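# Fold and geometry: a report
Residue strings, one per chain:
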Amino acid sequence: MDTTPAISRFDEFYKTTTPPWVIGEPQPAVVELEKGGLIRGKVLDVGCGTGEHTILLTGLGYDVLGIDFAPAAVEQARRNAEAKGVVARFEVADAMNLPGEPRYDTIVDSALFHIFDDADRPKYVASLHNACRPGGTVHVLALSDQGRGFGPEVSGETIRDAFADGWELEALEPATYRGVVTEVHTDAIGLPIGTRVDEPAWLARARRF
């Protein structure tokens, strides 16, 4: 798959706008994962954006790498970490082609899974499988199809199907995803631009065989 157009689109998005998923803080659902003891070992923050989760976990003492395929996002994440006084690690990388040697105990996906269509989703989940150690865990926070159209949405069944082979889906629970209303949301959301919203989401936990 040629990811060049998608990279260019997201890169330009970070360069020219503040994306609706950039809220200046970690997602509350990810914070609760850490508080609940569900983050362990070597961690990959896949689709890290401006790096809030990588910065949070690094500051708490985890060995974590944040990756994003948009160079502008990684540049912003590095500046963000420096401003917060956290020595966090970020790299430009394609989540669809993660290393074939399993190396991560925990992978955190906040709002990446739901951008993939039916054709690309299996390739992405296979890439996660490559990167996750046997017995390791992937946490997926994805916008729910019960939402108001804040972004790409998926059903619980879509998540179940995606992690049916090579994984044990240990949990699939309703959650919320925090974002900021932009021009593209005004019709669907009906709130002023800049308003913070907590939209319906799924929080899934899949353990790799």
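The rules behind the values
- Counting restarts for each chain: residues are numbered from 1 in the order of the written sequence.
- This being a predicted model, a pLDDT of at least 70 is required before a residue's local features are given, and a value of 80 or more before pairs of side-chain atoms are given or counted; all residues contribute to the totals for chains, interfaces and linings.
- As a rule here, side-chain values come from all non-hydrogen atoms in the structure, and water together with hydrogens is ignored.
- Any two strands between which DSSP finds at least two bridges are classified as paired.
- Labels follow the DSSP assignment, with helices taken as runs of H or I lasting at least four residues and strands as runs of E lasting at least two, numbered in each case from the N terminus.
- The angle between two axes is taken between their N-to-C directions and runs from 0 to 180 degrees, where each axis is a line fitted to C-alpha atoms and a helix contributes only its stretch in contact.
- Any two residues having at least one pair of non-hydrogen atoms within 4.5 Å are treated as being in contact.
- Between 30 and 60 degrees the pair is tilted, below 30 it is stacked and above 60 it is edge-to-face, where a pair is any two Phe, Tyr or Trp rings, Trp via its six-membered ring, whose centres lie within 6.5 Å.
- Throughout, exposure labels follow a simple rule: accessible area from a 1.4 Å probe, protein chains only, divided by the maximum for the residue type, with under 20% read as buried, over 50% as exposed, and the rest as partly exposed.
- To form a nonpolar core, buried Ala, Val, Leu, Ile, Met, Phe, Trp, Tyr and Cys residues must be joined to one another through side-chain atoms within 4.5 Å.
- Orienting the strands away from the viewer, one traces the path from the first strand over the helix to the second; a clockwise path indicates a right-handed crossover.
- Any two cysteine sulfur atoms lying within 2.5 Å of each other are counted as a disulfide.

### Notes on the sheet that holds strand S7 (residues 196-208)
The strands that make up a sheet pair up through hydrogen bonds in the backbone, lying either parallel or antiparallel. In space, the seven strands of this open sheet follow the order S3-S2-S1-S4-S5-S7-S6, with mixed pairing throughout. At either end of the open sheet lies a strand with only one pairing partner, and these are strand S3 (89-92) and strand S6 (167-180). Between one strand and the next, the sheet's axes are offset by a mean angle of 20°, whatever the strand orientation. Sheet topology note: the strand S1 (residues 42-46)/strand S4 (residues 104-110) ladder contains four bridges and is parallel. Opposite Leu-44, over in S4, you have Ile-107 as the bridge partner. Contacts from helix H4 (residues 71-83) reach strand S2 (63-68) and S3 within the one sheet, and its direction differs from that of S3 by about 170°.

### With respect to the packing of aromatic side chains
Aromatic ring pairs: the centre-centre distance and the angle between the two ring planes describe each pair. Taken as a whole and judged by the stated rule, the model has four aromatic pairs. Between the aromatic rings of Phe-113 and Phe-163, the centroid separation amounts to 6.0 Å while the plane-to-plane angle is 25°, which identifies the pairing as stacked. One end of the pair, Phe-113, is in the loop between S4 and helix H5 (121-131); the other, Phe-163, is in the loop between helix H6 (156-162) and S6, and 50 residues separate them in sequence. Its relative accessible area of 0% is what places Phe-113 among the buried residues. The class for Phe-163 is buried, based on a relative accessible area of 2%. Geometrically, the ring pair formed by Phe-163 and Trp-167 is edge-to-face, given 5.2 Å between the ring centres and 80° between the ring planes. Since its relative accessible area comes to 4%, Trp-167 is described here as buried. Ring pairing ties together the aromatic residues Phe-113, Phe-163 and Trp-167, which thus form one cluster.

### Comments concerning the nonpolar core
Val-46, Ile-107, Phe-113, Tyr-124, Leu-128 and Phe-163 are the most contacted members of the largest nonpolar core, which totals 28 residues. Of all the secondary-structure elements, those providing two or more residues to this core are S1, S2, S4, H5, strand S5 (132-143), S6 and S7. The contact partners of Phe-163, leaving out residues within four places of it in the chain, are Phe-113, Val-125, Leu-128, Val-140 and Ala-206. Judged by nonpolar contacts, the second largest core, of 20 residues, contains Val-43, Val-64, Phe-150 and Ile-189.

### Re the pairing of S1
Of all five residues in S1, four are buried; the element is thus mostly enclosed. Bridging between S1 and S2 involves five bridges; their strand directions are parallel. By the bridge assignment, Val-46 is partnered in S2 with Ile-67. Chirality of the crossover, the property in question, places the unit of S1, helix H3 (residues 52-59) and S2 among those that are right-handed.

### Some thoughts on the environment of Thr-17
By the secondary structure assignment, Thr-17 is in the loop between helix H1 (4-16) and helix H2 (28-35). Considering only alpha carbons, one finds Thr-17 and Thr-182, 165 residues apart in sequence, at a separation of 9.9 Å.

### Quick look at the pairing of S7
Bridge count between S5 and S7: seven bridges; the pairing is antiparallel. Following the sheet pairing, Leu-143 is matched in S7 by Ala-201. The sheet contact formed by S6 and S7 spans 13 bridges and is antiparallel. Following the sheet pairing, Pro-174 is matched in S7 by Trp-202.

### Description of the state of the cysteines
One pass over the full model with this rule turns up zero disulfides. Free cysteine Cys-132: the closest other cysteine sulfur is in Cys-48, separated by 18 Å.

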